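An overview of the molecular structure
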Amino acid sequence: MIYRHKLFKLDSDLQMIYSNDGKELRITADSYILIFALCRKKAISIGEAHKLLGLSKEYRGRRVKEDVEKINHTIGAEVVVLKEVEGEFESETIIFLKDALVTIE
């Protein structure tokens, strides 16, 4: 499946991400899984990311920020954003994809 954003294209069959001018972007490992999940769902909680990545340690704090920064730096724009959301009993960090996907093929 191909997800097109205004700043990149993600081909899930090839597990590759391309810039709009066709250059391959080197987003791999946890960062790739994170952006792929965001293309599918638009927003996920840190807990969902932890389950998706199959991590034995907690996925939060600096590690989340590093993956988000790696994606944004590689694409060259702020595409993935962290947002703190206040809940009824506690706050939760949500990771979301900035701007909507243009098309899904």
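All of the points below concern the structure found in this document.

Attention now goes to the overall build of the chain. Scanning the chain for helices and strands turns up three helices and eight strands. Its helices and strands in sequence order give the chain the pattern β-β-β-β-α-β-α-α-β-β-β, from N to C terminus. For 105 residues, the compact-globule formula gives about 13 Å, and the C-alpha radius of gyration of the chain, at 14 Å, lands near that figure. Taken along the three principal axes of its C-alpha coordinates, the chain extends 45 × 25 × 25 Å. Here the chain holds 105 residues, and the buried ones make up 37% of them. Contacts in the chain between residues far apart in sequence, at least 24 positions, make up 47% of those at least 6 positions apart. For the chain, the accessible area works out to roughly 6,700 Å², and carbon and sulfur atoms hold 49% of it. Taken together, the 17 basic and 18 acidic charged side chains of the chain have centroids lying 3 Å from each other.

For soluble globular proteins, nonpolar side chains are generally found buried alongside one another. Counting residues in hydrophobic clusters, the biggest one holds 25 residues, and the most contacted among them are Phe-8, Leu-34 and Ile-95. Broken down by secondary-structure element, the contributors of at least two residues to this core are strand E2 (8–11), helix H1 (29–41), helix H2 (46–53), helix H3 (62–75) and strand E7 (91–97). When residues of this core are assigned to their parent elements, the largest contribution, six residues, is made by H1. With near-sequence residues (within four places) excluded, Leu-34 lies in contact with Ile-44, Ala-49, Tyr-59, Asp-67, Val-68, Ile-71 and Ile-95.

Sheet topology places E2 next to strand E3 (residues 16–19); four bridges connect them, and they run antiparallel. Paired with Asp-11 across the two strands is Met-16, which belongs to E3. Connecting the antiparallel pair E2 and E3 is a turn made up of four residues, with Gln-15 showing a positive phi of about 55°. Here two bridges tie E3 to strand E4 (residues 24–25), and the two strands are oriented antiparallel to one another. When the bridges of E4 are listed, Tyr-18 appears paired with Glu-24. Linking E3 to E4, which pair antiparallel, is a turn of four residues; within it Gly-22 sits at a positive phi near 90°.

A word on unusual backbone geometry. The phi torsion of most residues other than glycine is negative, and most of the peptide bonds are trans. For Ala-29, which is not glycine, the phi torsion reads 55° and is therefore positive. Examined against the element boundaries, Ala-29 turns out to sit in helix H1. Accessibility expressed as a relative area gives 55% for Ala-29, which makes it exposed. Although it is not a glycine, Lys-42 sits at a positive phi angle of roughly 75°. Relative to the assigned elements, Lys-42 resides in the loop between H1 and strand E5 (43–45).

Glancing now at the sheet that holds E4. Within the open sheet, the five strands sit side by side as E4-E3-E2-E1-E8. Their pairing is antiparallel. Looking at which strands have only one partner, the edges of the open sheet turn out to be E4 and strand E8 (103–104). Its contacts with the sheet place H1 against strand E1 (2–4), E2 and E3, and it is angled at close to 100° to E2.

Rules used in this analysis
Residues numbered from 1 in each chain as written. Predicted model: local features only at pLDDT ≥ 70, side-chain atom pairs only at ≥ 80, totals over all residues. Heavy atoms only, no water. Helix = DSSP H or I, 4+ residues; strand = E, 2+ residues; numbered from the N terminus. Rg over C-alpha atoms; globule rule 2.2 N^0.38 Å. Buried < 20%, exposed > 50% of the residue type's maximum accessible area, 1.4 Å probe, protein only. Contact = heavy atoms within 4.5 Å. Areas by Shrake-Rupley, 256 points an atom, 1.4 Å probe, with all protein chains shown as cover. Lys, Arg positive; Asp, Glu negative; His and termini not counted. Charge placed at Lys NZ, Arg CZ, Asp CG, Glu CD. Core = buried A, V, L, I, M, F, W, Y, C linked by side-chain atoms within 4.5 Å. Pairing = 2+ DSSP bridges. Axes fitted to C-alpha atoms, helices over the stretch in contact; angles between N-to-C directions.

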